[in-house]
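What the coordinates show
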Amino acid sequence: MVRVFLVLPDVSEAKCRAICLAGPLDVLVSYTTLKWKPSTLARLLALRRRGCLSSVMLDSGAYHLARLGARVDPREYAADSRSGLGPAWDLVVAPDVPGDPEATLERTLEFIQSYGAPFLPVAQPPPGPADPRRHALEAERLVSRGLLEWSPRLPGGRRLLGLGGLDGPRRRVSYIAGLLEEVESRLGGVSLHLFGVGARILAGLARRGLLGLVYSVDSSGWLAEIRFRRRTHYRAPGVVEANAAAMKGYLARLARVLGGG
């Protein structure tokens, strides 16, 4: 079964209460959120102590880096990530740069020098036309530089590799399906985490019989459940109930899409 990490844009008091109502959950939190809202760390630790979280993935903030002009120093990120590994989060994502595999590789190698623990390397697509083969070549290049040796080893012995940059024309099912097939052909024996993938993509991959290559995804799709279905479908009386219902409802919808896959 594919693991689904719910993206948390913030860890407010209302979201904490909702997580405990809906949980335990797998969640993804951005490092930039931690930097901008220092209370986030204490709240994550409290949620862990209460058993409301199954697993936490710490992302470097690539979205904020690309869209909001945020800056994350790889060595500072490494030091802060290592200090919270275990008590606050379980897996740390490489400091990738959307759409720039050269910068991603450079920053990841700098990150390794200070981090020294397993993390999730991310293959970003090169600039230019959306071509799954070119994207897969970047994944192959990460492996050739030894980065897969730093990735977590999953039950069964497979290593975990992240695929990023799945937006715009690369969000199509045909592109992602082709990318998975290319990566499997070139690397074999690798399990994948797909960044920013929701129900529509997973349904398409299921139809093509490719879910076996996917270990996990992260998605912010549950936020749309609040915007569009709070009063009609969920009839939530308040913010906390709306968040909890959206989390559970979205995961239930994904479970139906995934079936036994």
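This text follows the structure it describes.
In this report, we go over the structure that sits alongside the text. No experiment lies behind these values; they were computed from the predicted model shown.

Examining the overall build of the chain
Each helix and strand counted, the chain has eleven helices and eight strands in total. Here the C-alpha radius of gyration of the chain, 18 Å, is about what a compact globule of 261 residues would show, namely 18 Å. Seen along its three principal axes, the alpha-carbon backbone of the chain occupies a region of about 50 × 40 × 35 Å. Every one of the 261 residues in the chain was classed for burial, and the buried ones make up 54%.

Focus on the environment of Arg 107
Tracing the backbone through its elements, the reader meets Arg 107 in helix 6 (residues 101-115). The sequence separation of Arg 107 and Pro 74 amounts to 33 residues, and the corresponding C-alpha distance is 6.1 Å. If we ignore the near neighbours within four places in the chain, the residues touching Arg 107 are Val 72, Pro 74, Pro 95 and Val 97.

Points about the nonpolar core
Grouped together as the largest cluster of nonpolar side chains are 84 residues, with contacts concentrated most on Ile 176, Leu 180, Leu 194, Leu 205 and Met 247. Looking at which element gives the most residues to this core, the answer is helix 11 (residues 239-258), with eight residues. Beyond its immediate stretch of four places on either side in the chain, Ile 176 contacts Leu 166, Arg 170, Arg 171, Leu 194, Val 197, Ile 201 and Leu 205.

Regarding the state of the cysteines
This model, assessed by the stated rule, comprises one disulfide. At a sulfur-sulfur separation of 2.0 Å, the disulfide partner of Cys 20 is Cys 52. With the S-S dihedral at roughly 100°, the linkage between Cys 20 and Cys 52 falls on the right-handed side. A residue pair is termed long-range when its members are at least 10 positions apart, and Cys 20 in helix 1 (residues 13-22) and Cys 52 in the loop between helix 3 (39-49) and strand 3 (53-59) qualify at 32 residues. Judged by relative accessible area, which is 22%, Cys 20 ranks as partly exposed. The structure places no disulfide on Cys 16, whose sulfur is separated from the nearest cysteine sulfur, that of Cys 20, by 7.2 Å. Its relative accessible area of 7% is what places Cys 16 among the buried residues.

Some words on the environment of Pro 126
Inspection of the secondary structure puts Pro 126 in the loop between strand 5 (122-123) and helix 7 (132-144). Relative accessible area serves as the criterion here: at 11%, Pro 126 is assigned to the buried category. The spacing of Pro 126 and Pro 101 is 25 residues in sequence and 5.9 Å in space, taken between C-alpha atoms. Contact partners of Pro 126, with chain neighbours within four places excluded, come to Gly 99, Pro 101, Arg 134, His 135, Glu 138 and Arg 170.

So, the sheet that holds strand 3
Paired through backbone hydrogen bonds, the strands of a sheet run either parallel or antiparallel to each other. The strand order 4-3-2-1-8-7-6-5 describes an open sheet built from eight strands, whose pairing is parallel. Whereas interior strands pair on both sides, the edge strands pair on one side only; in this sheet they are strand 4 (91-92) and strand 5.

Some words on unusual backbone geometry
Going from Gly 23 to Pro 24, the amide bond is cis rather than trans, its omega being 5°. Tracing the sequence through the fold places Pro 24 in the loop between helix 1 and strand 2 (25-30).

Structural notes on the environment of Thr 108
Along the polypeptide, Thr 108 turns up in helix 6. Residue Thr 108 is classed as buried on the basis of its relative accessible area, which comes to 2%. Through-space distance from the C-alpha of Thr 108 to that of Leu 142 is 9.8 Å; in sequence the pair is 34 residues apart. The contacts of Thr 108, once residues within four sequence positions are left out, are Ala 94, Pro 95, Phe 119 and Leu 147. Reaching out from Thr 108, the side chain makes a polar contact with the backbone oxygen of Thr 104 at a distance of 2.6 Å.

Describing helix 11
In this model, helix 11 (20 residues) spans 28 Å end to end at C-alpha, consistent with the 28 Å of a helix rising 1.5 Å per residue. Along helix 11, the positions that sit buried rather than exposed are Val 240, Ala 242, Asn 243, Ala 244, Ala 245, Ala 246, Met 247, Gly 249, Tyr 250, Leu 254 and Leu 258. Taken from the residues just after helix 11, Gly 259 is the one with a positive phi, measuring 60°.

A word on the pairing of strand 2
For strand 2, the tally of buried residues reaches six of six residues, placing the bulk of the element in the interior. Here strand 2 shows no split at all, with Leu 25, Val 27 and Val 29 on one side and Asp 26, Leu 28 and Ser 30 on the other all buried. Relative to strand 2, strand 1 (residues 3-8) runs parallel, the two being bridged by three bridges. Within strand 2, the position partnered with Leu 8 by the bridge is Val 29. Each parallel crossover has a hand, and for strand 1 linked through helix 1 to strand 2 it is right-handed.

So, how was this worked out
- Residues numbered from 1 in each chain as written.
- Predicted model: local features only at pLDDT ≥ 70, side-chain atom pairs only at ≥ 80, totals over all residues.
- Heavy atoms only, no water.
- Helix = DSSP H or I, 4+ residues; strand = E, 2+ residues; numbered from the N terminus.
- Rg over C-alpha atoms; globule rule 2.2 N^0.38 Å.
- Buried < 20%, exposed > 50% of the residue type's maximum accessible area, 1.4 Å probe, protein only.
- Contact = heavy atoms within 4.5 Å.
- Core = buried A, V, L, I, M, F, W, Y, C linked by side-chain atoms within 4.5 Å.
- Disulfide = S-S within 2.5 Å.
- Pairing = 2+ DSSP bridges.
- Polar contact = N/O pair within 3.5 Å; in protein donor to acceptor, adjacent residues only side chain to side chain.
- Expected span 1.5 Å × (residues − 1).
- Right-handed = clockwise from strand over helix to strand, strands pointing away.

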